[in-house]
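Structural features, examined
Residue strings, one per chain:
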Amino acid sequence: MLRYFLVLVSLSAVFAGPASNDHDAGRIVNGVEATIEDRPYQVSIQKVGKGNHFCGGSIISEDIVVTAAHCLQGAKPSDLQVRLGSTYYNEGGVLVTVKALKYHEKYNPNNMMYDVAVIKLAEPVKQSSTIRYIELAKKVPKSGTPAVVSGWGTKCYLFCDLSVALMEVEVNFLTREDCASKNYTYGDKIKETMVCGYAKEKDSCQGDSGGPFVAEGKLVGVVSWGQGCAMDGFPGVYADVPALRDWILENAGKFAVFAGPLADERTPGRIVNGKETTIESRPYQVSLQQVGNGRRFCGGSIISENIVVTAAHCLQGVKPSELQVRLGSTYYNEGGLLVGVQALKYHEKFDPKLVIYDIAIAKLDKSVEESSTVRYIELAKKVPKTGTSAVVSGWGTKCFLACDLSPVLMEVEVTFLERKDCASPTYLYGEKIKETMVCGYAKEKDSCQGDSGGPFVAEGKLVGVVSWGQGCALDGYPGVYADVAALRDWVLDNSQKL
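Residues numbered from 1 in each chain as written. Predicted model: local features only at pLDDT ≥ 70, side-chain atom pairs only at ≥ 80, totals over all residues. Heavy atoms only, no water.

Labelled according to an unreviewed UniProt entry, the protein chain appears under the name Peptidase S1 domain-containing protein, originating from Glossina austeni. A UniProt comment under Sequence similarities (unreviewed entry) is attached to the protein chain, and it reads "Belongs to the peptidase S1 family." Quoted verbatim from the Subcellular location (unreviewed entry) heading of the UniProt record, the comment on the protein chain is "Secreted". (UniProt positions renumbered as here; feature names shortened; annotations may be inferred.)

1. Section: the overall build of the protein chain
The helix and strand inventory of the protein chain stands at six helices and 26 strands. Every one of the 498 residues in the protein chain was classed for burial, and the buried ones make up 61%. Counting every atom, the protein chain has about 19,300 Å² of accessible surface; 47% of that belongs to carbon and sulfur. (Helix = DSSP H or I, 4+ residues; strand = E, 2+ residues; numbered from the N terminus. Buried < 20%, exposed > 50% of the residue type's maximum accessible area, 1.4 Å probe, protein only. Areas by Shrake-Rupley, 256 points an atom, 1.4 Å probe, with all protein chains shown as cover.)

2. Some remarks on helix 6 (residues 484-497)
Here helix 6 is 14 residues long and its end C-alpha atoms lie 19 Å apart, about the 20 Å a rise of 1.5 Å per residue gives. The inward-facing, buried residues of helix 6 contact strand 17 (307-310), strand 19 (337-346), strand 20 (360-364), strand 25 (461-468) and strand 26 (479-483). Between the side-chain oxygen of the N-cap and the backbone nitrogen of Ala485 there are 3.2 Å, and the N-cap of helix 6 in question is Asp483. (Expected span 1.5 Å × (residues − 1). Contact = heavy atoms within 4.5 Å. Polar contact = N/O pair within 3.5 Å; in protein donor to acceptor, adjacent residues only side chain to side chain.)

3. What to know about the pairing of strand 15 (residues 285-290)
Counting buried positions along strand 15 yields six of six residues, so the element is predominantly enclosed. Of the two faces of strand 15, both are covered, the one formed by Gln285, Ser287 and Gln289 as well as the one formed by Val286, Leu288 and Gln290. The sheet contact formed by strand 15 and strand 16 (residues 296-302) spans five bridges and is antiparallel. Looking at the pairing, Gln289 lines up with Arg296 of strand 16. Counting the residues in the hairpin turn of strand 15 and strand 16 gives five residues, including Gly292, whose phi is positive at 100°. As paired strands, strand 15 and strand 18 (residues 323-327) are joined by five bridges and run antiparallel to one another. Across the sheet, Ser287 pairs through a bridge with Arg326, a residue of strand 18. (Pairing = 2+ DSSP bridges.)

4. Section: the sheet that holds strand 20
Here we have six strands rolled up into a closed barrel, ordered 15-16-17-20-19-18, and antiparallel in their pairing. Pairs of neighbouring strands in the sheet enclose a mean axial angle of 40°, with direction left out of account. Taken strand by strand, helix 6 contacts strand 17, strand 19 and strand 20, and its axis lies near 30° from that of strand 20. (Axes fitted to C-alpha atoms, helices over the stretch in contact; angles between N-to-C directions.)

5. A short note on the state of the cysteines
Inspection of the entire model under this criterion finds four disulfides. One disulfide bridge connects Cys298 with Cys314, the sulfur atoms lying 2.0 Å from each other. On the sign convention where negative means left-handed, the S-S torsion of about -80° between Cys298 and Cys314 marks this disulfide as left-handed. With Cys298 in strand 16 and Cys314 in helix 4 (residues 312-315), this residue pair connects regions lying 16 residues apart in the sequence. The residues Cys298 and Cys314 share a single accessibility class, namely buried. Across the disulfide from Cys422 sits Cys439; the S-S distance is 2.0 Å. Linking Cys422 and Cys439, the disulfide has an S-S dihedral of approximately -80° and is accordingly described as left-handed. On the criterion of sequence distance, the pair formed by Cys422 in helix 5 (residues 419-422) and Cys439 in strand 23 (residues 437-441) is long-range, its members being 17 residues apart. (Disulfide = S-S within 2.5 Å.)

6. A short note on the nonpolar core
If you look at the biggest cluster of nonpolar residues, it comprises 56 residues, and the most contacted ones within it are Ile59, Leu80, Leu84, Ile119 and Leu121. Looking at this core element by element, the count peaks at six residues for helix 3 (residues 241-253). In this structure, this core is formed jointly by two domains, domain 1 (34-121) and domain 2 (145-254), each of which donates at least three residues. Setting aside residues no more than four positions away along its own chain, Leu121 makes contact with Ile59, Glu62, Asp63, Val65, Val82, Leu84, Val96, Thr97 and Lys99. Formed by 53 residues, the second largest nonpolar core is a distinct cluster that contains Ile303, Leu327, Val465 and Val491. (Core = buried A, V, L, I, M, F, W, Y, C linked by side-chain atoms within 4.5 Å. Domains from an automatic or database assignment.)

7. Digging into the pattern of salt bridges
Applying the stated criterion across every chain yields a total of seven salt bridges. A salt bridge links Arg39 to Glu168; its shortest N-O distance comes to 2.8 Å. Note that Arg39 is positioned in the loop between strand 1 (32-33) and strand 2 (42-47) and Glu168 in strand 9 (residues 167-174), a separation of 129 residues in sequence. Here Arg39 and Glu168 have matching classes, each one buried. We note a salt bridge from Glu105 to Lys102, for which the minimum N-O separation is 3.8 Å. Accessibility expressed as a relative area gives 51% for Glu105, which makes it exposed. (Salt bridge = Lys/Arg side-chain N within 4 Å of Asp/Glu carboxyl O.)

8. As for the packing of aromatic side chains
The final tally for this structure, using the stated rule, is 12 aromatic pairs. Here Tyr184 and Tyr198 contribute two aromatic rings whose centre-to-centre distance is 5.2 Å and whose plane-to-plane angle is 70°, an arrangement assigned as edge-to-face. You can see Tyr184 sitting in the loop between helix 2 (176-179) and strand 10 (194-198) and its partner Tyr198 sitting in strand 10, a full 14 residues away along the chain. Where Tyr346 meets Phe350, the ring centres are 6.3 Å apart and the plane angle is 80°; that geometry is what we call edge-to-face. Relative accessible area serves as the criterion here: at 9%, Phe350 is assigned to the buried category. (Phe/Tyr/Trp six-rings, centres within 6.5 Å; stacked < 30°, edge-to-face > 60°.)

9. With respect to the sheet that holds strand 4 (residues 64-67)
Strand order in this closed barrel of six strands is 2-3-4-7-6-5, and the pairing throughout is antiparallel. Neighbour-to-neighbour, the strand axes of this sheet turn through a mean angle of 40°, independent of strand direction. Sheet analysis places strand 6 (residues 94-103) next to strand 7 (residues 117-121), joined by five bridges and oriented antiparallel. By the bridge assignment for strand 7, Leu101 is matched with Ile119. Sheet strands in contact with helix 3 are strand 3 (53-61), strand 4, strand 6 and strand 7, and its direction is about 30° off that of strand 7.

10. What about the side chain of Ser329?
By the element assignment, Ser329 lies in the loop between strand 18 and strand 19. A polar contact is formed between the side chain of Ser329 and the backbone oxygen of Glu334, at a distance of 2.5 Å. Every residue in contact with Ser329, bar those within four places of it in the chain, is listed here: Ile279, Glu334, Gly335, Gly336 and Trp395.

In C-alpha cells, the structure reads:
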C-alpha cells in the first residue's frame, strides 16, 4: 500500500512518481506536534508557485540541504523552493529558491539504494533560534539508540488531513545487519547504504520522505522507504548518512563560489577540527570577500605592501571591483583593515579540470604597512623535504560543512609531502598529482582543513596555496597545494606587471 495514497492526490509522488514495489514513501502518522525550535535543521521542500510541500530535508550548512534522491528525480532547480525556520510548512520562516541539485548517481529506484541528494540554495541562510545546521554523523549508532524522525504528516494513517504543524516521532535505531536479520521481515531487501528505525506501532511511514533521522544530535539517516505503516516486523528504512557522508560532502563542495564546480572529485578547502589562533600568530593571512555583503569566500597571503597571493580557482570570473580584502584581523567579519582590489591575475596555464597552476595574485588599491598584525611572508625558493612540519590556516568550521563558519582564525598542522611522495603508492591520488602540486597530510587532517587560496607555511615561508583535496580527512588522501617554489618566478614577474 503506497504511503502517499490519497493524502495529497495533487502531489501524489510529485516529480519522482511512486516508489516501486513495496518501497513506500514516508509521512508522519500518530506523531506528536513539535516546534521548529526543537528541530531547527528541518526544512520543507516545495513546488514553486503552489507552495505544495512534498518532501522534507535537513540543512547542513548555510546553503546546502540534504534530502532523498527519490524526491528529486525529474525535478529542475527552478521547480523548487525550500521553507526554513518555520513550524508550519505553509507560512512563516524563510522561503528560498534553489540554485542547483544533485542526487546520487548510483541511486536505484527499484531497490532504493543510495537514496540521497543535495540541494544548493540560491542564497545563504544564517543560523538562528529557528535555523540550525545539523552535523552529519561519522559513525552508525548502536542498535537500540533512541532516534527521532520529524516532518509534516498526519495524526492517523491515510485518512486524516496533512498537518500544517511540524511533527515528530521517536523510534529505536537499527543497524543494517540487525534490520536485515530474522528479527524483522525485510531480509535481503535491506541493502548497503540503508539503516532502519523501529518501535511498536511506529516506523518510517511516520517520517517525511527526504527528512531527518537524528540520533545523538547528528543526522544518521534520510527518510527513504518502508512497507505499510506501523506494520509489525517492518521497520522504517533510511539512507545511511555515515556511509554516504563522503559523497554528500564532496558534491556539496563542488557547488563552488564564483569559480563554478571544481572538476571530478576535487573539492575546495575549509578548516575543520583545527584550533583557534590569532592574527599575531599568522599575520600574513588575509580574507578575500565580496564587496557589499562582506561574504568571505577564499583566503590568501600578503607578500608585499600591495600584493596578495591566492588560488586561481578563487578568482576565475571575478572582477577587481567585486573584491575586498580584510587584513590584520583574527576575525574575518570585523577589525583590521578592509582594502579594495585594483587588479588581479590568475595563471594563464591554470586548468580547472586538472587544477594545475592553481595560483593567482591580487593587487590592493592601496599599500598596507607591516605591523604586529600585518606581516609580509616570504615565498619559498626550495621545496621542503617530505616530513617537514607545515601549517594551514584560515576561517572554517569545527566540522566539515555541517557546522557554523567560525569567525575566528583557525589553523591545523600537517606534514609536508613532496610531489613524488604524494603521487606514490603510499597514497591514493597517483597520476592526479601533477607538476606545480605539493601535498600535506596527517591522519584525520587534509587540505579540506585549509581555506581555499590560503597559506600553507613551512619553515617560516609560503610553500603552498590551498588548492584541492578529495573529501575531508579521508585516509590516504592528502590535501593538495599549489607549489609556491615552482611558481615563485611567475608570482614575482606578474606582481611587477600589475
